[in-house]
Amino acid sequence: MMKIMAFISSSHENGNTEKLVDTICKEAGFNGHKIEIYNLSTISNNGCIADNECQLNMVKGDAIDDIIFHIFLKMEIADLIILGTPIYFEQVSGLTKNLIDRMHLLF
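Residues numbered from 1 in each chain as written. Predicted model: local features only at pLDDT ≥ 70, side-chain atom pairs only at ≥ 80, totals over all residues. Heavy atoms only, no water.

**Q** I would appreciate a short explanation of the nonpolar core in the present structure.
**A** The biggest cluster of nonpolar side chains holds 12 residues, and these are Met-5, Phe-7, Tyr-38, Leu-40, Ile-68, Ile-71, Phe-72, Met-75, Ala-78, Leu-99, Met-103 and Leu-106. Sorting the residues of this core by element identifies strand E1 (3-8) and helix H3 (67-75) as the ones contributing at least two each. Looking at which element gives the most residues to this core, the answer is H3, with 4 residues. Within the second largest apolar cluster, 7 residues are counted, among which are Ile-4, Ala-6, Ile-8 and Val-21. (Core = buried A, V, L, I, M, F, W, Y, C linked by side-chain atoms within 4.5 Å. Buried < 20%, exposed > 50% of the residue type's maximum accessible area, 1.4 Å probe, protein only. Helix = DSSP H or I, 4+ residues; strand = E, 2+ residues; numbered from the N terminus.)

This is the structure:
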């Protein structure tokens, strides 16, 4: 059994991105995998403040103590991460970009 975390990075409720992520997760659930789905448009996702505390102190911590930080703790033990995002101007959505910028502390 795998631990799967999925992220929906679209502000459109029941839009194509959400439908796609839900379909993938439903199939994985049928196969016995544990699924957690997060909709980034419904949770507080403050942008990275670029203070480099996570890197300078060589600790797994973040200056912003919000739900995203606690999700990152779960990401470290996930077997698979699904990131569903619409494409705007050949780029990921702003919600996705904020998440990726904050992931700096994981590397």
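Further notes follow.
**Q** Any chance you could explain the confidence of the model for the protein chain here in plain terms?
**A** Close inspection of predicted coordinates is inappropriate in any region flagged by low pLDDT. With 84% of its residues at a pLDDT of at least 70, the protein chain reaches an overall mean of 85. For the protein chain, helix H2 (residues 53-56) is the element with the lowest average pLDDT, namely 65, and E1 is the one with the highest, namely 97. (pLDDT = per-residue confidence, 0-100.)

**Q** Is there a simple way to explain the pairing of E1 in this structure?
**A** For a regular strand, side chains alternate in direction, first toward one face of the sheet and then toward the other. Among the 6 residues of E1, 5 are classified as buried, and the element is accordingly described as predominantly covered. Sheet analysis places E1 next to strand E2 (residues 34-39), joined by 6 bridges and oriented parallel. From the neighbouring strand, Ile-4 faces E2, where its bridge partner is Ile-35. Of the pairings in the sheet, the one linking E1 to strand E3 (residues 80-84) comprises 5 bridges and is parallel in character. Bridge pairing in E3 places Phe-7 opposite Leu-83. (Pairing = 2+ DSSP bridges.)

**Q** Looking at this structure, I do not really get the side chain of Thr-96. What am I missing?
**A** Tracing the chain through its elements places Thr-96 in helix H4 (residues 94-102). For Thr-96, a relative accessible area of 0% puts it in the buried group. At 2.9 Å, the side chain of Thr-96 forms a polar contact with the side chain of Ser-93. Setting aside its immediate chain neighbours within four residues, Thr-96 contacts Ser-9, Leu-83 and Thr-85. (Polar contact = N/O pair within 3.5 Å; in protein donor to acceptor, adjacent residues only side chain to side chain. Contact = heavy atoms within 4.5 Å.)

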